Amino acid sequence: MIKLYSIYPDLLNLYGESASLTALQRTLLQCGYETEIVPVPFGETPTFTEGGLIHIGAGTENRLTYGAAAMEAWSDGLKAAMEQGSYLLLTGSAAELACQTVRHTDGRETKGLGLCDAVAVRTKTRQTGDVLYRMSGEESLLASFLNKSCYLQGVDTPAFTAILGEGGILDSAGKLTDWEGIATEKMLATFALGPLFMRNPWLKRCIAAKLTGDRRILSLPPDAADFGYSVTVDALKARISANSR
Amino acid sequence: MIRMMMAILCCKTAAFVGRLIGKGSSMPGKLALRICPDLLVRLKLPETVIAVSGSNGKTSTVEMIVQILQASGKQVCWNREGSNQTEGVTTTLVRNADLRGRVRGDAVVLESDEQYARYTFRHLKPTHFAVLNLLRDQMTRNGHPEYILSKLQEAVDTANRLPGEMTLILNGDDPLCATLAGNNPVIWFGSDAPRGPAAPAAMYDDGLFCPVCGGHMTYRNRTYATFGTFECEACDFSRPTLDHAITFADPETGEITVDGAVNLHTELKTWYNFYNMLAAYTVALAAGADSASAAMAIDDYVFRNGRVRSWILGEKRLVLLTAKHENTTGYDQALELAARRGGDVLILVDAISRKYFTGETSWLWDINFDLLNTPNIRRIFLAGQYGYDLENRFSYTGVPGDKIYRLDSLSQIAEALGSENDVYMITCFADRAKLLANLPKNAEERSENL
């Protein structure tokens, strides 16, 4: 049984992100894998089993802070689960949780989950917009949008490069680069939204193949989600052409 | 003075030309503000200046407020086109002003964009500022409701720096709105009609946690979205005592009673509209209208803003419900209405916003399309550029697949509307014209209640 943990879906549920797990579950079921979506409501402590995927989705800035404070109590359990093969997916504003520290606009610092050495830098202004990102080694582009008030700094392993729209990583001088997100063997943290897996079926299949070790998943026939993805990518590519004129 | 007069003249000319070509509710104001940046401060406004903001219902509520005030014999200046940012507000005021900057009329009623009110209020202080609600809306532009709350708080603080008094008229049932009350006098409206504590069927619940401390919230009565008699379990934040309340409401019949004494009826039988009617009633009374005239003006009110329209086609009706895609609460209400009344449903998503380009469709997953999973709904047609995204979305509902038809092109809409069933057509402002252009030629529009 592959367990897909949805952390605090009652607290952190902006932009329909929990649908990413529903999409992933459908793909796994289609390929014959038993799966279960396990919601962990705010205030409860998750008990992770080996393997599977743990998802934390976008929330308001206040709710992320409440959520992070509560997660501190079980963050060691999360790290242990990742060591034992669980994959962590952080989407939207939840990407900041990957960091050691979150720097707030009023000067306060609060803790992230400490899964990498990066720092999350919150901003007073909001970054919004459609994006197209390239992932190293992948032919398909990530079609998404941003809606956040945060950048990451000190990221060693960025996930994407922006070819339309903003990146999300500051360099050491505080200048915005084209890099976005954090990708390791055990984690993907990205400010990109969608829901990520609904909007980008190719990425969903990549993660499903990773969870199962079954590369046949990468060759599943396209469905309505794939056709919708093509329409969106074409429209966003046309924006690149329009912007460059 | 000369600069102001030049600005007024240019704005009036531009507005006149704009009206001839069917455009230009903001450009004239923008031009005027370029010529005279402090124009709004210099204008002489009537004694009553009402601004209405919030996520849902601004245009409809403003229309009803104007209706009440006009029925009371007042001459009203208002931004009927709905252009609600600073430039649009400027255009509205200047079109109704003389060259010396005196705005004609007894009252000004302005729909005020929730993100931009903080800019408009640098120069103009309303005597009454109504905030209808704070809900998920245009998340691409607006972020989320807590972010918009911070912008509205800024608007209130900005206005308070100007001389004069401003009364806030707030939806006391909305936990976010309820945090806006500071030192301004406040008139609270909401619902005391008994409904039970159950949350409405929706894909998310933003009413679970206290906006002040993050504690769990409970409700004795819950009407729709986050609205109801809320109380935080961890701090003393709770629903304030209402000044005006819906004391009875029946979404089946459209009957509502306000303050135990004022009986109204509407064919737009949604809680969304019930709250809008109550808000309009509350604002108008605060502005000096009397209860009896207010009630008469909005009883069975038929909106002229074109958001709800109907046609007769043979023996059946076509009903257009214009709902912003990105406003999931309003969209859910449109789906509920269609599901209650029954027939076919046509959903058109070809552009997402009329104001800016975006390919963002996360709102599809916030809308509760399972509301259409009822024997009342015979068929569902999906149309537009985002037809595949809609098809994918519906594949995750309980609606049987054989009820769903994706149209390959807009030209198929007329055929889809040709069955014997009534059809509820749901689309956004950006796509409305495309839908109307593809209606069957023999459909006859009726100016009537639903």
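Higher on the page you've got the structure.
What counts, and at which threshold
Residues numbered from 1 in each chain as written. Chains lettered and ligands numbered in written order. Predicted model: local features only at pLDDT ≥ 70, side-chain atom pairs only at ≥ 80, totals over all residues. Heavy atoms only, no water. Helix = DSSP H or I, 4+ residues; strand = E, 2+ residues; numbered from the N terminus. Buried < 20%, exposed > 50% of the residue type's maximum accessible area, 1.4 Å probe, protein only. Contact = heavy atoms within 4.5 Å. Pairing = 2+ DSSP bridges. Axes fitted to C-alpha atoms, helices over the stretch in contact; angles between N-to-C directions. Buried area = accessible area lost by both parts, 1.4 Å probe. Salt bridge = Lys/Arg side-chain N within 4 Å of Asp/Glu carboxyl O. Polar contact = N/O pair within 3.5 Å; in protein donor to acceptor, adjacent residues only side chain to side chain. Nonpolar A, V, L, I, M, F, W, Y, C, P; charged D, E, K, R; others polar.

Things to note about the environment of Y224(B)
All names here are of chain B. On the secondary structure map, Y224 appears in the loop between β7 (217-222) and β8 (228-232). Residue class for Y224 comes out buried when judged on its relative accessible area of 4%. When the C-alpha positions of Y224 and A198 are compared, they lie 9.6 Å apart, and in sequence the two are 26 residues distant. Excluding anything up to four places from it in sequence, Y224 contacts N56, L135, P200, W271, Y272, Y275, T329 and Q333.

Quick look at the sheet that holds strand β11 (residues 262-265) of chain B
All names here are of chain B. The strand order β2-β3-β1-β4-β5-β6-β9-β10-β11 describes an open sheet built from nine strands, whose pairing is mixed. Each of the sheet's edge strands pairs with one partner strand only, and the pair in question is β2 (76-78) and β11. The sheet shows a mean angle of 20 degrees between the axes of neighbouring strands, taken without regard to direction. One ladder, built from four bridges, connects strand β9 (residues 244-250) with strand β10 (residues 255-258); its direction is antiparallel. Looking at β10, one finds that I246 is bridged to V258. Sheet contacts for helix α4 (residues 58-71): β1 (48-53), β2 and β3 (107-111); angle to β3, the most-contacted strand, approximately 165 degrees.

A few points about the interface of chain B and chain A
Facing the 32 residues of chain B at the interface are 34 residues of chain A. Regarding the contact of chain B and chain A, the summed buried area is about 3000 Å², with carbon and sulfur atoms giving 56% of it. Summed over the three residues of chain B that lose the most area to chain A, namely F209(B), F357(B) and Y396(B), the buried surface amounts to 20% of that side. E146(B) serves as the salt-bridge partner of R63(A), at 3.8 Å between the closest nitrogen and oxygen. Between chain B and chain A we count twelve residue pairs in polar contact (both at pLDDT 80 or more) in total. Only α7 (139-142), α8 (145-160) and α12 (387-394) of chain B provide two or more residues apiece to the side of chain B that touches chain A. Looking at the side of chain B that touches chain A element by element, the count peaks at four residues for α12(B). Of the residues that constitute the side of chain B that touches chain A, the class distribution is twelve nonpolar, twelve polar and eight charged.

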